Amino acid sequence: MIDDISEQVQAARERVYGQVEAARARHSALREAIDEVRNLTATVRSPRGEVSVTAAMSGAVTDVRVHHDDLDARTLSTLLTQTVARAQQAVRDQAADRMTAVAGADSTIIADLRMPLARAGGI
């Protein structure tokens, strides 16, 4: 009977150690994904290519280029505003794609990243 209890205790220990190792591996994968996501950028062009915008994961716009010389101020302003929003969402979508592998598709983190910025209080 003692041997049976000892074997059960040993089996339980091994299961716990396995669970701890699996949790450590998930934590490591999550840290790696977070570090990768922090450095993501996305560049988006307006539908007809008049402007392009690069946005970082932080939401910062890191580059704006005007590829068309003949734009009035109102058109340029509208194109830039729309393209900035699309670039910011594009980088969030990249982050969601990367984080899905470690957080799972049903994670609230993924849902938050996929939510359009206009509804999240952004542009």
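**Focus on the overall build of the protein chain**
Check the secondary structure of the protein chain and you find four helices and three strands. In the protein chain, the order of α-helices and β-strands from amino to carboxyl end is α-β-β-β-α-α-α. A compact globule built from 123 residues should have a C-alpha radius of gyration of about 14 Å, whereas the protein chain, at 23 Å, is more than 25% larger. Across its three principal axes, the protein chain shows a C-alpha extent of roughly 90 × 25 × 20 Å. By the burial criterion, 24% of the 123 residues in the protein chain qualify as buried. Of the roughly 8400 Å² of accessible surface on the protein chain, a fraction of 52% belongs to carbon and sulfur atoms. When the 15 positive and 17 negative side-chain charges of the protein chain are each reduced to one mean point, those points stand 5 Å apart.

**Points about the sheet that holds strand E3 (residues 61-66)**
Taken in spatial order, the three strands of this open sheet run E1-E2-E3, and their pairing is antiparallel. The strands lining the two open edges of the sheet, one partner per strand, are strand E1 (41-45) and E3. Neighbour-to-neighbour, the strand axes of this sheet turn through a mean angle of 10 degrees, independent of strand direction. Of the pairings in the sheet, the one linking strand E2 (residues 51-56) to E3 comprises five bridges and is antiparallel in character.

**Points about the nonpolar core**
Within the largest apolar cluster, ten residues are counted, these being Ala-33, Val-37, Leu-40, Ala-42, Val-91, Ala-95, Ala-96, Met-99, Ile-110 and Leu-113. Residue assignment for this core shows that the elements contributing at least two residues are helix H1 (2-38), helix H2 (73-103) and helix H3 (108-114). For this core, the element with the highest residue contribution is H2, accounting for four residues. Leaving out residues up to four positions away in the same chain, Val-91 has contacts with Leu-40, Thr-41, Ala-42, Ala-55, Ala-56 and Met-57. Val-44, Ala-55, Val-84 and Ala-87 belong to the second largest nonpolar core, which has five residues in total.

**Concerning the side chain of Ser-52**
Here Ser-52 shows up in strand E2. Among the residues examined, Ser-52 registers a relative accessible area of 7% and is labelled buried. Sequence-distant contacts of Ser-52, defined by excluding residues within four places in its chain, comprise Thr-43, Val-44, Arg-45, Asp-63, Val-64, Arg-65 and His-67.

**Observations concerning a nonpolar patch on the surface**
A contiguous nonpolar surface patch, about 280 Å² in accessible area, is contributed by Val-16, Tyr-17 and Val-20. In this fold, Val-16 is placed in helix H1.

Basis of the calculations
Chains are numbered independently. Their residues run from 1 in the order of the written sequence. At least 70 in pLDDT is required for a residue's local features to be given in this predicted model, at least 80 for side-chain atom pairs to be given and counted, and no such filter applies to totals for whole chains, interfaces and linings, which use all residues. The basis for every side-chain value is the complete set of heavy atoms in the structure, and neither hydrogens nor water enter the calculation. Numbering of helices and strands runs from the N terminus, with a helix taken as a DSSP run of H or I at least four residues long and a strand as a DSSP run of E at least two residues long. In this description the radius of gyration comes from C-alpha coordinates, and the expected globular size is given by 2.2 Å times residues to the power 0.38. Burial classes: relative accessible area under 20% of the type maximum marks a residue as buried, over 50% as exposed, and values in between as partly exposed (1.4 Å probe, protein chains only). Accessible surface is estimated by sampling points in the Shrake-Rupley manner with a 1.4 Å probe; for residues, cover comes only from the protein chains shown. Within this scheme the basic residues Lys and Arg register as positive and the acidic residues Asp and Glu register as negative, but His and the chain ends are omitted. By convention, charge coordinates are those of NZ in Lys, CZ in Arg, CG in Asp, or CD in Glu. Pairs of strands are assigned from DSSP output, requiring at least two bridges between the strands. Angles run from 0 to 180 degrees between N-to-C directions of axes, and those axes are lines fitted to C-alpha atoms, restricted for helices to the stretch in contact. Residues belong to a common nonpolar core when they are buried Ala, Val, Leu, Ile, Met, Phe, Trp, Tyr or Cys residues joined through side-chain atoms within 4.5 Å. Note on definitions: a residue-residue contact is assigned when non-hydrogen atoms from the two residues lie within 4.5 Å. Like-charged residues are merged into a patch within 9 Å and nonpolar side chains (Val, Leu, Ile, Met, Phe, Trp, Tyr) within 5 Å, provided each residue has over 30% relative accessible area and no salt bridge. Every case where a carboxyl oxygen of Asp or Glu lies within 4 Å of a side-chain nitrogen of Lys or Arg is listed as a salt bridge.

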